Structures are given as C-alpha cells and as structure tokens.
Amino acid sequence: MSKTLQAIRGMNDILPGQTPVWRYLEGTFAKLLDSYGYSEIRLPILEFTELFARGIGEGTDVVDKEMYTFLDRNEESLTLRPEGTAGCVRAVLEHGLSGGGQVQKLWYAGPMFRYEKPQKGRYRQFHQIGVEVFNQPGPDIDAELIVLTARLWKLLGMADAVSLQLNSLGSSEARAAYRNALVDYLQARFDLLDEDSQRRLTTNPLRILDSKNAQTQALLADAPTLLDYLDEESRRHFDGLRARLDAAGIAYQINPKLVRGLDYYGRTVFEWVTDKLGAQGTVCAGGRYDGLVSQFGGKPTPGVGFAMGVERLVLLLETLGLVPDSLAATPHVYVCAFGEAAELAALTLVEGLRDRLPQLRVWLNAGAGSFKSQFKKADKSGARYALILGDDELTSRVVGCKPLREDGEQQSVCWDDLASWLAERIESA
Ligand code: HAM
C-alpha cells in the first residue's frame with residue numbers, strides 16, 4: 001500500500017469546523033479597519049529573496065535561519081514571504097503610492113512562512129493581518145494603531161487577556177551608541193553569556209536583550225538601557241505617544257528590552273502579549289520603520305505598522321471561551337422533496353426564493369431519500385424550518401412549512417406567498 005500523504009509539518013489545514021471563527025476574526029477586523037479609513041492591499045506570496053535580505057536584515061533569525069528560499073526555473077532566488085512589511089513597502093514604491101508625501105493607510109491578510117520549530121502558537125505557515133501607514137511621521141498615528149488594536153480586543157471580548165508592551169528604539173545614531181555601550185558591557189562578561197548570545201554579540205547584539213537564558217537575563221539587569229540613549233527627537237516622539245495612550249486610557253508597560261526581531265525598526269516598537277497561551281504569547285507586534293522606504297531606493301518616507309498572528313488569536317478566543325455560538329452558518333430552511341416532479345418544482349421554487357431573499361440560507365435536499373431520512377437531514381442541518389414538497393403539495397401549489405426549532409404545527413403556505421411568509425419569520429433574510 002502506498003504511504004498516506006500528509007501536510008508539511010507546521011503547515012495546517014484549517015478545517016470547516018474552524019473556518020467560521022477565522023472568518024469572524026478577519027471580518028471583525030476588516031470592518032474595524034474600514035471604519036478607521038484603511039484600505040486593503042493584496043500582495044504576492046513570493047518575492048525576490050533580496051527584498052527580505054535587505055529589508056528584514058542579514059543577521060536576523062528570520063533571514064539567516066527561517067526563510068523558505070529556492071531557485072525558480074530561471075535560476076532566480078525567490079522566497080516565500082516570512083512577513084508582510086517588506087512586500088508592502090516594495091508595492092507602495094513600485095506603484096508610486098507614497099509619492100509626493102501621499103498618506104497611505106493599508107492593510108493586508110494572508111499566509112506567511114518561516115522555518116521555525118513548530119509548537120503551539122508557532123507554525124511554519126501562519127497567517128497575519130497587518131497594517132502599514134506611510135507618510136505619517138508623528139506619534140499620533142502610532143497611537144491610532146495601538147488604539148485601534150485595543151478596540152479590536154474589546155470587540156472580541158479579550159481586552160482583559162492582553163497587555164501592551166512599549167519601547168522606543170530611538171534614531172539609528174542613538175541605537176548605534178547604545179549598541180556600543182551594550183557590547184562593551186557584555187564583552188566584559190562574555191564567558192557568562194549563553195552560546196547564542198555570544199554569537200549575537202558580533203552579529204546582532206540588541207537581540208541579546210530578548211534572550212530566554214536566565215543567566216543572560218540576570219546579567220542584563222545591570223546593563224545600560226536603551227531609553228538612556230534616546231535622542232531628543234525620539235524622546236519627544238515617545239512622550240507624544242505616551243500622552244495619547246494615557247488620554248485614550250490605554251494601559252502599557254514600558255519594556256526597555258523590547259527590541260523586536262526584524263532590523264527595520266526605529267523609534268516606536270510595541271507588542272500585545274497574553275499569558276494565556278504559554279510560550280508564544282505575542283499576539284500582535286509592530287513599530288515604526290522610517291528608514292525602510294529609502295533603504296529600498298525610495299525617497300525618505302516614514303512608515304509604521306503592525307501585524308497580528310491569526311492562529312494565536314484564534315487559540316486565544318478558544319482558550320477564553322469567546323467564540324460566539326452563532327458562528328456556523330446553519331440554514332434557515334431545508335427543503336425536502338419527494339418524487340421527481342416535486343424535485344423539479346422544489347428547484348424552481350428554491351431559486352425563486354433566492355431571487356427574492358438573497359440573504360436566505362437554503363439547503364435543498366440532494367440524493368432523494370425517504371420522508372424519514374430527508375427529515376432527519378433537515379433536523380441535523382440546524383435549519384429553522386423544513387419545507388416539504390410531495391405530490392399533494394404539488395397539486396395544491398403549496399409547501400408544508402414545519403418549524404424545527406420551536407413548537408408549532410406544520411402549515412401549508414401558497415407558493416406565491418412563501419417568500420413573504422419566510423421574510424416575516426426570519427429577520428436576517
Ligand atoms: P513579527 O513580530 O515577526 O512582526 O510577527 C507579527 C506576529 O505574527 C507575531 O506577534 C505573532 O503573533 C505572529 N507570528 C509570527 N511568527 C509566527 C509563527 N511562526 N507562527 C504563528 N504566528 C506567528 C512582523 O512580521 C512585522 N512585519 C510586523 C510589522 C508590520 N511591523 C510593522 N509593520
């Protein structure tokens with residue numbers, strides 16, 4: 001027997017039982033973004049490898065260890081996108097969307113790919129919903145991004161389960177000065193560092209702040225902190241952001257060790273974290289990247305954004321019991337037909353209903369079957385009404401309408417009156 005084929009490790013099927021909660025989450029967010037004036041952009045999943053190497057940065061885990069990179073038939077090096085920001089910046093530049101200082105408020109959703117160690121909340125194909133804003137340099141837009149995510153948590157009912165971590169990485173000069181100070185401090189304690197951090201000391205020293213190693217973390221307690229090196233303008237920006245968050249009543253914790261794993265950030269960085277999901281607790285993360293557009297060859301253009309991990313948010317909704325009961329799209333009516341003539345009449349009747357009531361969810365029985373079996377299927381479908389068409393109904397041009405979810409007798413309703421009869425009883429139809 002041949003081996004059963006399986007999905008690639010860390011790449012999940014999202015089964016019909018799970019898609020309603022995905023659609024709920026995506027739909028809630030899409031509506032929210034509409035209300036804040038953000039437009040959707042759809043971007044390719046494959047890009048030239050160079051885009052990510054230059055954008056995210058050599059020396060980052062994502063670029064050095066996690067990208068799915070291959071040569072195509074034309075010997076070009078392509079990469080499955082590990083994140084959405086680099087591709088979005090590329091598209092904005094390529095189509096001149098940020099030219100002349102135009103403000104762009106964009107969002108995207110879709111799969112991202114990273115060769116990480118799969119575990120709960122961490123996958124090799126995962127999904128993000130991301131937002132990017134161009135040509136807005138001030139802290140007001142940083143605040144808007146955070147405020148709108150806070151509103152999303154409220155809409156989803158999970159506001160108490162997430163908290164906000166905030167930091168400023170300052171200007172590139174400030175970061176360089178801080179990097180030197182940190183390297184000096186850690187170099188003097190090199191032997192006490194874990195192996196990964198020893199390596200990072202030369203490749204990406206700021207990432208040592210993220211180390212999970214307890215001894216390294218203990219060493220860092222007395223290390224110089226990034227906030228002491230902030231340049232004046234970045235400090236003002238950070239103060240402006242904090243004032244707005246305070247005004248909006250959004251609580252946050254300043255975390256001077258929050259540096260993020262992608263190289264393009266400067267000034268504001270933030271993460272929304274939860275302690276309900278174990279180790280993979282960051283559900284949304286982002287920050288400012290004012291240098292990225294010019295790094296890609298464009299005019300200096302401020303940029304800021306974030307992305308949330310859809311799998312993690314779905315897990316959180318499930319863990320907290322916040323998935324609304326009514327998500328599955330059960331039919332309003334299930335139509336049973338007995339005999340060929342009734343089946344033909346049922347088909348035209350149902351299509352007529354769909355013309356009149358486009359929102360009505362109608363399941364027409366397929367595969368014939370006895371009264372008992374069709375009725376069983378009608379009940380199992382969760383429909384509110386079974387509509388019944390047999391020889392008698394055909395002769396009298398009526399349909400038997402039987403309530404399935406409440407007490408009540410079956411009624412005969414004229415074909416011509418059926419749409420209004422249903423519209424009166426089913427509000428959303
Ligand atoms: P990131 O922190 O790499 O940032 O990813 C954002 C979010 O995606 C994470 O907080 C997490 O919820 C989710 N995520 C990341 N990796 C995985 C994984 N392997 N499995 C499941 N979920 C994952 C970015 O990607 C930036 N592009 C965000 C951004 C947009 N910054 C500015 N604009």
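Overview of the structure. Predicted model, so just to flag it, every value in this text is computed and none were measured.

## Structural notes on unusual backbone geometry
Right, on to step 1. A positive phi is found at Asn135, a non-glycine position, where the angle reads about 65°.
Right, on to step 2. The residue Asn135 is located in the loop between β6 (125–134) and α5 (139–156) in this model.
Right, on to step 3. Positive phi is not limited to glycine here, since Arg397 has a value of about 50°.

## Description of the side chain of Gln165
Right, on to step 1. With respect to the element layout, Gln165 can be found in strand β7 (residues 163–168).
Right, on to step 2. At a separation of 2.7 Å, a polar atom in the side chain of Gln165 contacts the side chain of Asn255.
Right, on to step 3. The residues contacting Gln165, other than those within four sequence positions of it, are Gln253, Asn255, Leu258, Val269, Phe270, Glu271 and Val273.

## As for the pattern of salt bridges
Right, on to step 1. Throughout the structure, instances matching the rule amount to 19 salt bridges.
Right, on to step 2. Here Arg54 and Glu50 are joined by a salt bridge, their closest N and O atoms 3.0 Å apart. Here Glu50 and Arg54 lie together in helix α2 (residues 49–56), a separation of four residues that amounts to about one turn.
Right, on to step 3. With a closest N to O distance of 3.7 Å, Arg267 and Glu233 form a salt bridge. Of this pair, Arg267 sits in the loop between β8 (253–254) and β9 (268–273) while Glu233 is found in helix α9 (residues 232–247), placing the two residues 34 residues apart along the sequence.
Right, on to step 4. By relative accessible area, Arg267 is classed as buried at 16%.
Right, on to step 5. Overlapping salt bridges bring together Asp61, Lys65, Asp196, Arg199 and Arg200 as one network.

## What to know about the sheet that holds strand β4 (residues 77–80)
Right, on to step 1. The sheet built from three strands is open, its strands ordered β2-β4-β3 with antiparallel pairing. For this open sheet the edge positions go to β2 (46–48) and β3 (68–71), each flanked by a neighbour on one side alone. On average, adjacent strands in this sheet sit at an angle of 35° to one another, irrespective of strand direction.
Right, on to step 2. Relative to β4, β3 runs antiparallel, the two sharing four bridges. Each bridged residue has a counterpart across the sheet, and for Thr69 the counterpart in β4 is Thr79.
Right, on to step 3. Running over the sheet, α2 touches β2, β3 and β4 and is turned about 75° from β2.

## With respect to the packing of aromatic side chains
Right, on to step 1. Enumeration according to the criterion identifies 11 aromatic pairs in this entry.
Right, on to step 2. Consider the rings of Phe29 and Phe306, whose centres lie 6.4 Å apart with planes at 50°: the pair is tilted. Remark: Phe306 occurs in strand β11 (residues 303–309) and Phe29 occurs in helix α1 (residues 19–35); sequence separation between them is 277 residues.
Right, on to step 3. An angle of 70° between the planes, with centres 5.8 Å apart, marks the rings of Tyr68 and Tyr115 as edge-to-face. With a gap of 47 residues between them, Tyr68 in strand β3 and Tyr115 in the loop between β5 (104–113) and β6 connect regions that are remote in the sequence.
Right, on to step 4. A relative accessible area of 45% places Tyr115 in the partly exposed class.
Right, on to step 5. Positioned above the aromatic ring of Tyr115 is the side chain of Arg124, whose terminal nitrogen or guanidinium carbon lies 3.8 Å from the ring centre.
Right, on to step 6. Lying over the aromatic face of Tyr185, Arg189 brings its terminal NZ or CZ to 3.8 Å of the ring centre.

## Structural notes on the site of the ligand
Right, on to step 1. Looking at the ligand, there are 26 residues lining it, with Glu83, Thr85, Glu116, Glu132 and Tyr265 nearest.
Right, on to step 2. Between Glu132 and the ligand, the recorded distance is 2.8 Å, taken from a side-chain N or O atom to a nitrogen atom.
Right, on to step 3. Between Phe306 and the ligand, the recorded distance is 3.2 Å, taken from a backbone N or O atom to a nitrogen atom.
Right, on to step 4. For the ligand, the accessible surface in isolation is 660 Å², of which the surrounding protein chains cover 95%.
Right, on to step 5. Sorting the residues of the shell around the ligand by element identifies β6, β10 (282–288) and β11 as the ones contributing at least two each.
Right, on to step 6. When residues in the shell around the ligand are grouped by element, the largest group, six residues, is from β10.

Criteria and cut-off values
- Residues numbered from 1 in each chain as written.
- Predicted model: local features only at pLDDT ≥ 70, side-chain atom pairs only at ≥ 80, totals over all residues.
- Heavy atoms only, no water.
- Helix = DSSP H or I, 4+ residues; strand = E, 2+ residues; numbered from the N terminus.
- Polar contact = N/O pair within 3.5 Å; in protein donor to acceptor, adjacent residues only side chain to side chain.
- Contact = heavy atoms within 4.5 Å.
- Salt bridge = Lys/Arg side-chain N within 4 Å of Asp/Glu carboxyl O.
- Buried < 20%, exposed > 50% of the residue type's maximum accessible area, 1.4 Å probe, protein only.
- Pairing = 2+ DSSP bridges.
- Axes fitted to C-alpha atoms, helices over the stretch in contact; angles between N-to-C directions.
- Phe/Tyr/Trp six-rings, centres within 6.5 Å; stacked < 30°, edge-to-face > 60°.
- Lys NZ or Arg CZ within 6 Å of the ring centre and 35° of its normal.
- Near = heavy atom within 4 Å.
- Areas by Shrake-Rupley, 256 points an atom, 1.4 Å probe, with all protein chains shown as cover.

These figures capture arrangement, not role.
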